[in-house]
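Observations on the model geometry
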Amino acid sequence: MTLLEQFQLWLATMWPEWAAYVTPAIVGVVIVIAFALCMVMVFIYFERRLLGRFQIRLGPNRLGPEGIFQPIATAVKILLKEDIVPAKGDKVLHWLAPLVVFVPVLMIFAVVPFWEGAIFADLNVGIVYVVAISSVSAVGIYMAGWASNNKYALISAFRAVAQVVSYELPVVLSILGVVLMVGSLSLTQIVAAQTIPFILLQPLGFIIFFLGTVAEMNRSPFDLLEADSEIVAGFHTEYSGMKFAMFYLGEYCHALAYSCIITILFLSGWRGPLLPPFLWFLIKVVAVFFVIVWIRATLPRLRVDQLMSFAWKCLLPMAVINLFVVAAEVLWLPESLPWVMVVVNFAFAGALIMLWSKLFTLGGGRVEV
Amino acid sequence: MKFERYGIGIAKGMALTFKHLFRPPITVQYPEEKLVVSRRIRGNELVWYPDRCTGCATCAKSCPQGNIEIVTHVGEENNYVVDKFEVDTGRCMFCGLCVESCPYEALAMGLSYERAQYRRGQLVLSKEELQLSDVRQPSGYARPKIEATLPEQSLLVNWDREKGGQKLSLVPLSKKRGRGV
């Protein structure tokens, strides 16, 4: 039973039934959205400072102590800007697209368990819900590209759809590995089953899921749809003011949501010694985001064909093999020997990555497709 | 077995950027911190020494723009007395030809680089304004004697690898009105 359900039962003892039903829902929505937006602010600041440090710069440090009010100043600046709609663009779609990008990302947080029972809706198909709802953003990006009536925006939208569709498959297949081990689709159940974090039990699945989600949230090195050296700013070339801010927030919300999902699926969620569970959850989420920023600071952008071949020729077959291996282990290995599985899977992941990098190596180490 | 072809490059790159986290930042936060400029900088001003100047107007002749305006009259000892010495720094391109041509070292380039004004008229410097003062120091351009007294320039490339950091001499806030500002 979740905390909100307990709250509802407690209210039902003194309030009429409809009020006791509606109030906890509103409270839950407000708390979850407040958490998401506050963390997005923190993430924006964190990323800018961290990128600065990775590039031996300082990052924003003027506004407030160590520049912590910089995201607020940025938000105010964006809000005050003029809202421009292209004269020959599709006005309705242009207005609707930022919402279609932003709202589904916020909806992911409905099934994220922050600690035991602290979950808005404990769906028994939680992870399926996450996969389904997070793909809707691609429709919003396509709408934005189409409504802008701009060649670069449209190219970017094409790329976005191709990318999200391609990377959805390995992501879902690597989730299946986790689900096979747990035997449940509920995110609470998945965390409860992780006495050993699944990053140790399924290193290959973790790598595939991580790379797939980084590609799905359109971050570097997979940020082809806003490749500024090729297509200006991609699908939000024609956006300004609050609508642009929605895309910007949506991007960071996506990063936050997927950091949460990675934490829950592979890093054993809120579980950890000594510290309170919510703190453990936050630490793991920030650590995942740190790695994402780290990758962004290091790796250059992929080419379009490299991006697609990486999804279809590397990640997808590896995810299928990983799924079969995990299924075989769940079926035949006794449950009392989890550490055997850890060793076997690490060896297997190493061998598979070596094999695949061999397959894609031609001519002096260059990756050819 | 060579690991060059097995994605080790990605690991190397990640390790390098991770090392950057522990390096001191290379940024110089300009209005608060300032690097020491080159000793031979042709800064945005001139320094004029009235006691050395004979009023020969070689500087005015050498100026490609005709920026320097000198008005003199003949004094008691049959010398020139300078009535007016004006430089329009708004049109000056700081080529340094006037400084090089001066036979008596009465003119020098300045060390300053913060000489923005709100009005064009304020850029025309008079005889009194051009003289040596606390904020108006000469640079070592074509003046080796002055150059020898100036501190060495701090360069971003002079990076101390052993100490893992940057060896930069900065002008701190308290010396804001001092030399080179």
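Residues numbered from 1 in each chain as written. Chains lettered and ligands numbered in written order. Predicted model: local features only at pLDDT ≥ 70, side-chain atom pairs only at ≥ 80, totals over all residues.

**Overview of the overall build of chain A**
- Secondary structure summary: chain A contains 15 helices and 2 strands in total.
- Here the C-alpha radius of gyration of chain A, 22 Å, is about what a compact globule of 369 residues would show, namely 21 Å.
- Along the three orthogonal principal directions, the C-alpha set of chain A runs to about 75 × 65 × 40 Å.
- Residues counted as buried form 42% of the 369 residues belonging to chain A.
- Pairs at least 24 residues apart make up 77% of the contacts formed inside chain A by residues separated by at least 6 positions. (Helix = DSSP H or I, 4+ residues; strand = E, 2+ residues; numbered from the N terminus. Rg over C-alpha atoms; globule rule 2.2 N^0.38 Å. Buried ≥ 20, exposed ≤ 12 C-beta atoms within 10 Å, placed from the backbone. Contact = placed C-beta atoms within 7 Å.)

**A closer look at the overall build of chain B**
- Within chain B, the secondary structure is distributed over 4 helices and 9 strands.
- Walking chain B from its N terminus toward its C terminus, one meets helices and strands in the order α-β-β-α-β-β-α-β-β-α-β-β-β.
- Counting the 181 residues in chain B, one finds 22% classified as buried.
- If you take every contact in chain B between residues at least 6 apart in sequence, the share linking residues at least 24 apart comes to 78%.

**Points about helix 4 (residues 91-108) of chain A**
Residues and elements named next belong to chain A.
- Of all bends in helix 4, the biggest is about 25°, found at alanine 97, and the proline proline 98 comes one to four residues later.
- Taken together, the buried positions of helix 4 are occupied by His94, Ala97, Pro98, Val100, Val101, Phe102, Pro104, Val105, Leu106 and Ile108.
- Looking at the buried side of helix 4, the elements it contacts are helix 2 (17-54), helix 5 (126-134), helix 6 (136-147) and helix 12 (241-266). (Bend = angle between axes of the 7 residues up to and from the residue.)

**Topic: the nonpolar core**
- Counting 100 residues, the largest nonpolar core has A:Leu256 and A:Leu265 as the members making the most contacts within it.
- Looking at which element gives the most residues to this core, the answer is helix 12 of chain A, with 15 residues.
- Among all residues touching A:Leu265, those that are not within four sequence positions of it are A:Ile175, A:Val178, A:Ile190, A:Phe198 and A:Phe209.
- Of all hydrophobic cores here, the second largest spans 24 residues; its members include B:Ile70, B:Leu107, B:Met109 and B:Ile146. (Core = buried A, V, L, I, M, F, W, Y, C linked by C-beta atoms within 7 Å.)

**Digging into the pairing of strand 4 (residues 80-88) of chain B**
Residues and elements named next belong to chain B.
- By the bridge criterion, 7 bridges tie strand 3 (residues 68-74) to strand 4 in an arrangement that is antiparallel. Within the sheet, the bridge partner assigned to valine 74 lies in strand 4 and is tyrosine 80.
- As consecutive antiparallel partners, strand 3 and strand 4 are separated by 5 residues, and within that stretch asparagine 78 has a phi angle of approximately 60°, a positive value.
- Across 2 bridges, strand 4 lies against strand 6 (residues 124-125) in antiparallel orientation. Within strand 6, the residue paired with valine 87 across the bridge is leucine 125. (Pairing = 2+ DSSP bridges.)

**Side note on the interface of chain A and chain B**
- Counting residues at the interface gives 15 residues for chain A and 15 residues for chain B.
- Those elements that place two or more of their residues in the side of chain A that touches chain B are helix 2, helix 13 (277-298) and helix 15 (338-359) of chain A.

**So, the packing of helix 2 of chain A against helix 12 of chain A**
All names here are of chain A.
- Between helix 2 and helix 12, whose axes approach to 9 Å, the crossing angle comes to 100°. It follows from the interaxial angle that helix 2 and helix 12 lie roughly perpendicular. Counted together, Ala36, Met39, Val40, Phe43 and Ile44 of helix 2 and Leu249, Tyr252, Cys253, Ala255 and Leu256 of helix 12 form the full contact between these two elements.
- Residues that form the contact of helix 2 with helix 12 fall into these classes: 10 nonpolar, no polar and no charged. (Axes fitted to C-alpha atoms, helices over the stretch in contact; angles between N-to-C directions. Parallel < 35°, antiparallel > 145°, perpendicular 65-115°, else oblique. Nonpolar A, V, L, I, M, F, W, Y, C, P; charged D, E, K, R; others polar.)

**Things to note about the sheet that holds strand 6 of chain B**
- Across the sheet, which stays open at both edges, the 3 strands sit in the order 3-4-6 (chain B) with antiparallel pairing between neighbours. Of all strands in the sheet, those with a lone pairing partner are strand 3 and strand 6 of chain B, marking the two edges.

**Focus: unusual backbone geometry**
- The omega angle of the peptide bond from A:Ser220 to A:Pro221 is 5°, so this bond is cis rather than trans.
- Within the element layout of this structure, A:Pro221 appears in the loop between helix 10 (203-216) and helix 11 (228-231).
- Although it is not a glycine, A:Leu274 sits at a positive phi angle of roughly 65°.
- With respect to the element layout, A:Leu274 can be found in the loop between helix 12 and helix 13.
- Its identity as a non-glycine residue notwithstanding, B:Asn78 has a phi of 60°, on the positive side.
- Here B:Asn78 lies in the loop between strand 3 and strand 4.
- Taking the number of C-beta atoms within 10 Å as the measure of exposure, B:Asn78 has 6 and is therefore exposed.

**Some points on the confidence of the model for chain A**
- Residues at a pLDDT of 70 or more form 97% of chain A, whose mean pLDDT is 84.
- When pLDDT is averaged over each helix and strand of chain A, the minimum, 50, is found for strand 2 (residues 366-367) of chain A and the maximum, 90, for helix 13 of chain A. (pLDDT = per-residue confidence, 0-100.)

**Describing the confidence of the model for chain B**
Residues and elements named next belong to chain B.
- Looking at chain B, pLDDT values average 79 and 82% of them are 70 or higher.
- Summarising per-element confidence for chain B, the mean pLDDT is lowest in strand 8 (residues 165-166) (48) and highest in helix 3 (residues 97-101) (91).
- Scoring of the predicted complex yields 0.80 for pTM and 0.73 for ipTM.

**Points about the environment of A:Gly205**
Residues and elements named next belong to chain A.
- By the element assignment, glycine 205 lies in helix 10.
- Exposure remark for glycine 205: the 30 C-beta atoms within 10 Å place this residue in the buried category.
- With 70 residues separating them in the primary sequence, glycine 205 and serine 135 have C-alpha atoms 20 Å apart.
- Residue contacts for glycine 205: discarding those within four places in its chain leaves Ser174, Gly177, Val178 and Asn322.

**Notes on the environment of A:Tyr129**
Residue and element names in this part refer to chain A.
- Along the chain, tyrosine 129 turns up in helix 5.
- On the basis of neighbour count, tyrosine 129 is assigned to the partly exposed category, with 18 C-beta atoms found within 10 Å.
- Separated by 20 residues in the primary sequence, tyrosine 129 and phenylalanine 109 have C-alpha atoms spaced 11 Å apart.
- Look past the residues within four positions of tyrosine 129 in its chain and what remains in contact with it is Val111 and Leu123.

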